[in-house]
Amino acid sequence: MSTLIKNGIVITENEVKTADVLIEGEKISTVGKSITAPNAKEIDASGLYVFPGGIDVHTHLDLDVGSTVSSDDFYTGQAAAAFGGTTTHIDFPTPRKGETLRAAFEEWLSKAAGKAVIDYGFHMSVVEVNNKILREIEELPDWGITSIKVYMAYKNILQLTDEEIYRVMQTAARKNITVMVHAENGDVIDFNVRNLIAEGKTEPKYHAISRPPLLEAEAVNRAIYIANAAGANVYIVHVTAEMSLNQITESRKRGLKVFAETCPQYLFLDDSYLELQNFEGAKYICSPPLRKPEDNEALWNGLKKGDLQIVSTDHCPFNFKGQKELGKEAFNKIPNGLPGIEDRVPLLYSEGIVKGRLTLNQFVRITSTNPAKLFGLYPQKGTLKTGSNADLFILDPNAERTITSQNHHMNVDYNPYEGFKIKGKIKKVFRRGELIVDGEEFLAEKGSGRYLHRKHLKWED
Ligand code: URP
Ligand code: ZN
Ligand code: ZN
């Protein structure tokens, strides 16, 4: 089956050109001028943009957080991702204490089996450390997993000590496994949470007060230094604050190695949302928390300058009714996380490119190419070259729409970006050469998404 996309404006990490794209089977066959392919199905893309499919490297589908389970499973979450131009994501198998990494890996494969509609890989969460777990970390590349996540926060649940993190990083370094770090000082936060609750300060806004930017910046710095001491590649997830970004920028200037991401919620929202009446602030509870408008601006600058390489979503949705409401009595019982898998690419297009904050090439790098390079998927994914997977979306730059939970595809009863008017509308999405989104129609068969055996980080900038 061949498809010929004619006369689109084709954008990759380093090019913008009017060209035709010939897809043969699952791959891009040619990108060039005046291609003819008599047997191919032709699509006229005049005046439309053709972008590489988005890659979201930070999602939590079907995640059991103890009190409840994130509301998107591998079908609803991936279908929503596809409507938003994302054709690949990487999720986090998260073992329970006492469970092997292998068991978590297999559990996640079975969560996706029969449901997946886009391609997906895994990072492994490491939530406890012993010799058995360290041996299993060494096996991860054989399973196609070349990155792990450790937590410096969520005390008594996911948090590791510095010694444990150092041992994990040393092991990871031997196998060229990238270590992703949730960087917040969990000990101090835990103390703050207990004190605030004891003082009767239980509303959502106190979640942010318990975990200020200083406690993120301190942990970011510690993570970078411990990783460099251990010789590991380190990637700081969900950077929220100017102070944390400054630690990253300064470290990079000093020659320390560190990569980092931010997420849409830290670019487009701020802590004023936590003060919404009728407990609606709970909709915006995530960790680290939303910060100030000045932090939003600083993060845009970090993206522009390349100190932040990726925007992922940390998609971890919970319904307001029945899930976020679990924390009505106290903010520390509100499940942490926001939806975003469907809106990341459209929001970044509209707020990034249309508002002049990013160039077209920067947009592609941040949403697709850098994720592919840092997480071992390039050039199979993250670009539009001959031989790459034909993962792409076609966007009408002149169309406009308003984001609303009334018509989004995520399985969650609110949208944090409700009412945002955005420019640009995704018309068609291809995953490995197959048209899976055509306007409002969803065409992918359940189970047609594929598990990705990832290679190691390869960064050549
Ligand atoms: O609030 C968040 N971010 N929930 C998801 C888990 C994590 O820390 O990434
Ligand atoms: Zn995290
Ligand atoms: Zn996360």
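Residues numbered from 1 in each chain as written. Chains lettered and ligands numbered in written order. Predicted model: local features only at pLDDT ≥ 70, side-chain atom pairs only at ≥ 80, totals over all residues. Heavy atoms only, no water.

**Q** I'd love a proper account of the pattern of salt bridges, names of residues and values included.
**A** The full count for this structure, using the stated rule, is 32 salt bridges. Here Asp62 and Lys111 are joined by a salt bridge, their closest N and O atoms 3.9 Å apart. Taken as a pair, Asp62 in the loop between β6 (54-59) and α1 (76-83) and Lys111 in helix α2 (residues 101-112) lie far apart in primary sequence, 49 residues in all. Of the two residues examined, Asp62 and Lys111, each falls in the buried class. Between Asp190 and Arg194 there is a salt bridge; the shortest N-O distance is 3.2 Å. Remark: Arg194 and Asp190 occur in helix α5 (residues 186-198); sequence separation between them is four residues, near one turn of the helix. In this structure Asp190 comes out as partly exposed when scored by relative accessible area, which is 22%. The network of salt bridges with shared partners includes Glu26, Asp119, Lys381, Asp391, Arg432 and Arg450. (Salt bridge = Lys/Arg side-chain N within 4 Å of Asp/Glu carboxyl O. Helix = DSSP H or I, 4+ residues; strand = E, 2+ residues; numbered from the N terminus. Buried < 20%, exposed > 50% of the residue type's maximum accessible area, 1.4 Å probe, protein only.)

**Q** Give me the lowdown on the coordination of the zinc ion (ligand 2), citing residues and values where you can.
**A** For the zinc ion (ligand 2), the protein coordination sphere consists of Lys149 (NZ), His182 (ND1) and His238 (NE2), at 2.1 to 2.4 Å. One chain supplies every donor to the zinc ion (ligand 2), and in sequence these donors are spaced K-x32-H-x55-H. (Donors = N, O, S within 2.8 Å, 3.2 Å for Na, K, Ca; no water.)

**Q** Describe the coordination of the zinc ion (ligand 3), listing the residues and the values that go with them.
**A** Ligation of the zinc ion (ligand 3) by protein atoms is provided by His58 (NE2), His60 (NE2) and Asp314 (OD), these donors lying 1.9 to 2.1 Å from the ion. For the zinc ion (ligand 3), the four donor atoms in the first shell make angles of 87 to 130 degrees at the metal, so the coordination geometry reads as tetrahedral. In this structure, the zinc ion (ligand 3) is positioned 3.9 Å from the zinc ion (ligand 2). Taken as a pair, His58 and His60 share a single burial class, namely buried. (Tetrahedral: all angles 85-135°; square planar, octahedral: opposite > 155°, others 65-115°.)

**Q** Which residues make up the site of ligand 1, and what are the values?
**A** Taken together, His58, His60, Lys149, Tyr154, His182, His238, Cys286, Ser287, Asp314, Cys316, Asn336 and Gly337 form the complete shell of residues around ligand 1. One of the backbone nitrogen or oxygen atoms of Asn336 is found 3.2 Å away from a nitrogen atom of ligand 1. Bound to the protein, ligand 1 loses 95% of the 270 Å² it would expose on its own. Of the residues in the shell around ligand 1, the class split is three nonpolar, seven polar and two charged. (Near = heavy atom within 4 Å. Polar contact = N/O pair within 3.5 Å; in protein donor to acceptor, adjacent residues only side chain to side chain. Areas by Shrake-Rupley, 256 points an atom, 1.4 Å probe, with all protein chains shown as cover. Nonpolar A, V, L, I, M, F, W, Y, C, P; charged D, E, K, R; others polar.)

**Q** How would you explain the side chain of Thr262 if you had to name every residue and give the values?
**A** Structurally, Thr262 is set in strand β13 (residues 259-262). Judged by relative accessible area, which is 0%, Thr262 ranks as buried. A distance of 2.7 Å separates the side chain of Thr262 from the backbone oxygen of Val239, its partner in a polar contact. Filtering out sequence-adjacent residues up to four positions away, Thr262 remains in contact with Val239, Leu267, Leu299, Leu303, Leu308, Ile310, Val311 and Ser312. (Contact = heavy atoms within 4.5 Å.)

**Q** Describe the packing of aromatic side chains, listing the residues and the values that go with them.
**A** In the structure shown here, the tally under the stated rule is 22 aromatic pairs. Centre to centre, the rings of Tyr120 and Tyr451 are 6.0 Å apart; their planes meet at 55 degrees, and the pair counts as tilted. Taken together, the residues Tyr120 in strand β8 (residues 119-122) and Tyr451 in the segment after β18 (441-442) connect sequence positions 331 residues apart. Tyr451 gets classed as buried once you look at its relative accessible area, which sits at 18%. Through a chain of ring-to-ring contacts, three or more aromatic side chains come together here, namely Phe74, Phe105, Tyr120, Phe122, Trp143 and Tyr451. Looking at Lys283, its charged tip hangs above the ring of Phe320, at a distance of 5.1 Å from the centre. (Phe/Tyr/Trp six-rings, centres within 6.5 Å; stacked < 30°, edge-to-face > 60°. Lys NZ or Arg CZ within 6 Å of the ring centre and 35° of its normal.)

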